Amino acid sequence: MQIQASKPVAAEPVSGGFDIMAAVKDAGFAALVTLGLSFPILAFRTQEDISNHLIVVPRWSWPITAAILVFVGRFAAILFRSRPRATRAPTLPKAPSASATFLIRYASWFGVAALIAFPMVMVAALGAGGSLKWINNYGIQILIYVMLGWGLNIVVGLSGLLDLGYVAFYAVGAYSYALLSTTFGLSFWICLPLAGLLAAFWGIILGFPVLRLRGDYLAIVTLAFGEIIRLVLINWTDLTNGYAGISSIPRATFFGVPFTDDDDGFAHLFGMDYSPIQRTIFLFYLILALALLTNAVTLRLRRLPVGRAWEALREDEIACRSLGINTTNTKLTAFALGAMFGGFAGSFFAVRQGFVSPESFTFIESATILAIVVLGGMGSQIGVALAAVLMIGGTEILRELDFLKAVFGRDFDPVQYRMLIFGAGMVLMMILKPRGIISTRTPSIFYKEQKAISGSLVKEGHG
Amino acid sequence: MTAMTQTLAERAVTRKAPLLAIRGVKTYYGKIVALKGVDLDVQEGEIVTLIGANGAGKSTLMMTIFGSPRAREGVISFDGRDITRLPTHEIARLSIAQSPEGRRIFARMTVYENLQMGASINKFAYFDQDLERVFALFPRLKERINQRGGTMSGGEQQMLAIARALMSRPRLLLLDEPSLGLAPLIVKQIFDAVKLLNKSEGLTVFLVEQNAFHALKLADRGYVMVNGVITMSGTGRELLAKPEVRAAYLEGGHH
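Here the structure is a predicted model, which means the values were calculated and not measured.

Focus on the overall build of chain A
Scanning chain A for helices and strands turns up 18 helices and four strands. By residue count, 36% of the 463 residues in chain A fall in the buried class. Within chain A, counting contacts between residues at least 6 apart in sequence, those at least 24 apart form 72% of the total.

Dropping the structure here:
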């Protein structure tokens with residue numbers, strides 16, 4: 001990023017002086033721009049009058065408030081920035097204490113342990129009814145996206161192949177399970193690998209025509225591929241039932257034991273009282289296991305020649321070829337593996353919902369998954385997981401912010417502002433951490449000592 | 001590696017089939033002809049250099065040997081085998097290694113990882129041995145072993161590019177402008193290393209250079225390329241003495 005470099009030298013406060021007039025001028029200009037920009041958007045609202053006609057109601061206070069806020073904010077920012085830097089004590093990197101090192105080294109294991117304990121803790125704390133939302137909407141939903149993010153990370157993060165149609169493989173997985181189970185009555189555990197294989201097959205089908213493409217061109221073709229799959233699902237009504245989708249898909253069973261209140265149900269078999277939360281908890285552990293499998297496979301492959309070939313491919317394709325690496329196979333394995341994990345996630349989605357329709361597989365899903373990978377830091381497993389928590393968990397949190405209604409009025413719905421907040425977050429992120437949350441790349445192999453590679457040395461947005 | 005006991009004269013008498021033979025190669029970029037029928041030989045154990053001005057087609061020939069772009073006419077054979085139609089990665093597996101134009105090291109990967117990528121063809125069989133070998137040749141790389149390739153200086157990156165190519169134990173090493181943009185002292189270091197490889201291990205080297213003076217001094221034989229055709233050839237010393245070569249590539253050039 002050039003932000004640091006392009007900052008004028010004069011802005012560096014040498015004397016610590018602060019030019020109030022300049023600051024007022026700057027802030028005033030920003031306020032003026034805000035006024036101009038917000039005027040057409042904020043200054044009028046439409047309302048239906050008594051005869052159902054739309055009338056425009058002016059509300060002048062809104063753009064003026066926005067302008068004042070921007071003025072104050074801008075002024076404060078200039079004030080803050082002009083504080084002499086020398087007064088801040090130089091922060092020396094402290095050597096982490098023994099306990100901190102221990103925590104850092106085993107952080108991911110603590111994370112896994114916390115995730116395994118999560119449903120139990122929730123049920124214990126909130127009871128079966130209260131915890132359902134947390135385990136289902138937060139736990140399972142986030143883990144699906146963690147898994148999708150990790151799957152796409154193989155293609156985009158490691159191999160550097162920009163894929164905008166990843167949701168197609170998610171759809172293939174979901175419809176594979178839906179069709180195989182409803183038509184042939186196959187169980188989930190048979191369908192899961194089949195869905196993965198089918199998705200991988202489609203990954204290779206996509207891979208072949210795009211072998212020679214990179215960057216923008218690849219992005220366009222994969223985008224089209226995602227749309228083609230969705231349109232086929234909509235229009236091939238004989239097979240997929242079109243827009244109506246496939247319903248009454250067999251629900252998840254505990255290795256053949258259904259989660260029902262019957263005598264041969266899960267609860268009775270294990271001598272528990274029946275509760276619908278049992279199925280949800282099972283689903284939680286299922287997706288957790290699938291996500292961890294994705295992670296384990298990716299981490300393992302990164303240390304093998306094929307994984308290193310992916311990373312080398314991201315760096316320089318021509319150099320790869322002249323070193324004897326078969327770039328065709330390398331790309332196809334990346335597409336196939338990424339697609340396979342998408343397929344697993346898809347069949348999990350189908351078994352969880354019990355219903356699939358093309359509406360679940362729109363472009364916005366691909367964009368969200370890609371945003372998770374980019375936000376997390378391309379290639380970083382932990383970063384992708386954190387980004388998924390932030391993006392998916394953040395959206396869910398918005399539903400909880402009822403207190404905002406007290407501030408903004410009764411009909412204020414924070415969920416409506418999801419995309420606005422999401423966009424602002426992305427912009428902030430790209431300014432503050434342009435290479436993602438975790439921007440260091442840890443070498444997969446090392447000579448004598450392992451050392452993380454600073455993100456500031458890494459080219460961003462390189463795909 | 002083959003011992004370098006034969007002298008040039010002896011080899012000329014025995015007339016062995018060349019390790020790399022290029023016959024009538026024509027390469028096009030779309031409709032534009034870049035190589036207009038090139039003939040060139042590299043014997044086993046030789047250092048052969050190809051000099052020429054910018055845009056003469058030197059790098060194109062280098063890339064054509066590696067199959068991208070492919071020669072539209074003519075034959076390229078390596079060790080008696082026609083490699084004209086082989087895909088690039090299979091050509092590389094015949095133990096031809098390349099330090100490409102612009103070095104093309106893996107910038108985000110460490111020196112160590114870069115070297116590992118170089119050794120991936122022969123499944124890391126001699127990795128530790130070869131690592132010591134390239135460290136002996138370029139001690140600087142050992143100091144930088146855990147550093148990211150892209151953060152090194154141009155000279156170090158060039159050393160890494162050559163070292164990475166050597167990790168595959170090639171029989172033929174193709175070097176594309178190793179002196180590009182480097183300080184004279186570093187150029188000397190790199191050329192000395194190439195000389196040493198050739199003398200001690202008998203490595204065959206095909207060197208494409210703009211730095212004609214150094215290249216011709218180093219090489220056993222040289223070719224001069226102008227606009228996609230070879231216009232002159234001879235031993236390094238012969239070419240250095242030719243007034244046309246001096247006028248075009250040496251006077252007022254690098255010394």
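There is more to say, and it comes next.
Considering the overall build of chain B
Helix and strand counts for chain B stand at eleven helices and ten strands. Here chain B has a C-alpha radius of gyration of 18 Å; the compact-globule value for 255 residues is 18 Å, and the two agree. Here the C-alpha coordinates of chain B stretch approximately 45 × 45 × 40 Å along the principal axes. Taking all 255 residues of chain B together, 48% fall into the buried category. Residue pairs at least 24 apart in sequence account for 68% of intrachain contacts in chain B once pairs closer than 6 positions are excluded.

Regarding the sheet that holds strand 7 (residues 172-176) of chain B
Within a sheet, each strand pairs with its neighbour through backbone hydrogen bonds, oriented either parallel or antiparallel. Residues and elements named next belong to chain B. Strand order across the open sheet formed by six strands is 6-7-8-3-9-10, with mixed pairing between neighbours. Edge positions in the sheet fall to strand 6 (96-99) and strand 10 (229-235), since each has one partner strand and no second. Ignoring which end each strand starts from, the neighbouring axes of this sheet average 15 degrees apart. Examined bridge by bridge, strand 7 and strand 8 (residues 204-209) share five bridges and lie parallel to one another. Of the residues in strand 8, the one forming a bridge with Leu175 is Leu207.

Comments concerning the packing of helix 6 (residues 167-184) of chain A against helix 14 (residues 327-353) of chain A
Residue and element names in this part refer to chain A. Axis separation between helix 6 and helix 14 bottoms out at 6 Å; the angle between their running directions is 50 degrees. The pairing of helix 6 with helix 14 is recorded here as oblique in orientation. As helix 6 runs across helix 14, the sense of the crossing is right-handed. Across the interface between the two elements, Phe169, Tyr170, Ala171, Val172, Gly173, Ala174, Ser176, Tyr177 and Ala178 from helix 6 touch Ala339, Gly342, Gly343, Phe344, Ala345, Gly346, Ser347, Phe349, Ala350 and Val351 from helix 14.

Let's talk about the domain arrangement of chain A
One can read the domain layout of chain A as domain 1 (3-85) and domain 2 (116-400 + 433-457). Here domain 1 of chain A and domain 2 of chain A have C-alpha centroids that lie 41 Å from each other.

Quick word on the domain arrangement of chain B
Residue and element names in this part refer to chain B. Its domain assignment divides chain B into domain 1 (8-95 + 170-250) and domain 2 (104-166). The centre of domain 1, based on its C-alpha atoms, is set 23 Å off from the matching centre of domain 2. Residue-level contacts link 13 residues of domain 1 with ten residues of domain 2. Only helix 3 (88-93), strand 7 and helix 8 (184-201) provide two or more residues apiece to the side of domain 1 that touches domain 2. When residues in the side of domain 1 that touches domain 2 are grouped by element, the largest group, four residues, is from helix 8. For the side of domain 1 that touches domain 2, a count of residues per class yields eleven nonpolar, one polar and one charged.

Section: the interface of chain A and chain B
Facing the 25 residues of chain A at the interface are 26 residues of chain B. Of the residues assigned to the side of chain A that touches chain B, the class counts are 13 nonpolar, four polar and eight charged.

What to know about the sheet that holds strand 2 (residues 32-42) of chain B
All names here are of chain B. An order of 2-1-4-5 is seen for the four strands of this open sheet, with the pairing classed as antiparallel. At either margin of the open sheet sits one strand with a lone partner, and together these are strand 2 and strand 5 (81-82). For strand 1 (residues 20-29) and strand 4 (residues 73-78), the ladder comprises five bridges, and the chain directions are antiparallel. Following the sheet pairing, Leu20 is matched in strand 4 by Phe78.

Regarding the pairing of strand 4 of chain B
Residue and element names in this part refer to chain B. Examined bridge by bridge, strand 4 and strand 5 share two bridges and lie antiparallel to one another. Within strand 5, the position partnered with Phe78 by the bridge is Arg81. Connecting strand 4 to the antiparallel partner strand 5 that follows it, the hairpin turn spans two residues, and Asp79 within it adopts a positive phi of roughly 55 degrees.

Considering the confidence of the model for chain A
Residue and element names in this part refer to chain A. Across chain A, the average pLDDT comes to 84, with 87% of residues at 70 or higher. The low-confidence segment residues 1-16 (pLDDT under 50) makes five contacts with residues lying over four places distant or belonging to another chain. Note on residues 457-463: pLDDT under 50 across the span, and 14 contacts to partners over four residues away in sequence or across chains.

Description of the environment of Pro139(B)
Within the fold, Pro139(B) resides in helix 6 (residues 139-143). With 62 residues separating them in the primary sequence, Pro139(B) and Glu201(B) have C-alpha atoms 18 Å apart.

Remarks on the environment of Phe135(B)
All names here are of chain B. Tracing the chain through its elements places Phe135 in helix 5 (residues 127-137). Using a count of 16 C-beta atoms within 10 Å as the deciding quantity, one classes Phe135 as partly exposed. For the pair formed by Phe135 and Met159, sequence separation is 24 residues and the distance between their alpha carbons is 10 Å. Every residue in contact with Phe135, bar those within four places of it in the chain, is listed here: Leu141 and Lys142.

Observations concerning the environment of Ile281(A)
Residue and element names in this part refer to chain A. For Ile281, the position within the fold is in helix 11 (residues 277-303). For Ile281 and Ser248, which are 33 residues apart along the polypeptide, the C-alpha to C-alpha distance reads 21 Å. Beyond its immediate chain neighbours, meaning those up to four positions away, Ile281 contacts Pro119 and Ile135.

Comments concerning unusual backbone geometry
All names here are of chain B. Across the junction of Ser68 and Pro69, the peptide omega takes the value 5 degrees, indicating a cis bond. Note that Pro69 resides in the loop between helix 2 (58-65) and strand 4. In the Ramachandran plot, Arg103 falls in the positive-phi region, its phi being about 70 degrees despite a non-glycine side chain. Examined against the element boundaries, Arg103 turns out to sit in the loop between strand 6 and helix 4 (111-118). Even without a glycine there, the phi angle at Glu177 is positive, about 45 degrees. Position of Glu177 among the secondary structure elements: in the loop between strand 7 and helix 8. Classification of Glu177 by C-beta neighbours within 10 Å gives buried; the count is 22.

Some remarks on helix 18 (residues 418-432) of chain A
At 3.6 residues per turn, the α-helix brings residues three or four places apart onto the same side. Here helix 18 of chain A contains 15 residues, and its C-alpha end-to-end distance of 21 Å stays within 8% of the 21 Å for a straight helix at 1.5 Å per residue. Little of helix 18 of chain A is tucked away, with zero of its 15 residues classed as buried.

Structural notes on the nonpolar core
Note that soluble globular proteins tend to have their nonpolar side chains buried in a common cluster. Residue and element names in this part refer to chain A. Within the largest apolar cluster, 168 residues are counted, with the highest numbers of intra-cluster contacts made by Met147 and Ile287. In terms of residue count, the dominant contributor to this core is helix 5 (residues 107-158) (17 residues). The contacts of Ile287, once residues within four sequence positions are left out, are Ile140, Leu143, Ile144, Met147 and Phe348. Of all hydrophobic cores here, the second largest spans five residues; its members include Ala27, Ala31, Ala67 and Val70.

Re the packing of helix 7 (residues 188-207) of chain A against helix 14 of chain A
Residues and elements named next belong to chain A. Remark: helix 7 packs on helix 14, axes separated minimally by 7 Å, with the N-to-C direction vectors making an angle of 140 degrees. Here helix 14 runs oblique to helix 7, going by the angle between their axes. Between helix 7 and helix 14 lies a crossing whose hand is right-handed. Grouping the amino acids of the contact of helix 7 with helix 14 by side-chain chemistry returns 17 nonpolar, eight polar and one charged.

Cut-offs applied
Residues numbered from 1 in each chain as written. Chains lettered and ligands numbered in written order. Predicted model: local features only at pLDDT ≥ 70, side-chain atom pairs only at ≥ 80, totals over all residues. Helix = DSSP H or I, 4+ residues; strand = E, 2+ residues; numbered from the N terminus. Buried ≥ 20, exposed ≤ 12 C-beta atoms within 10 Å, placed from the backbone. Contact = placed C-beta atoms within 7 Å. Rg over C-alpha atoms; globule rule 2.2 N^0.38 Å. Pairing = 2+ DSSP bridges. Axes fitted to C-alpha atoms, helices over the stretch in contact; angles between N-to-C directions. Parallel < 35°, antiparallel > 145°, perpendicular 65-115°, else oblique. Left-handed = near helix turned anticlockwise from the far one by under 90°. Domains from an automatic or database assignment. Nonpolar A, V, L, I, M, F, W, Y, C, P; charged D, E, K, R; others polar. pLDDT = per-residue confidence, 0-100. Expected span 1.5 Å × (residues − 1). Core = buried A, V, L, I, M, F, W, Y, C linked by C-beta atoms within 7 Å.

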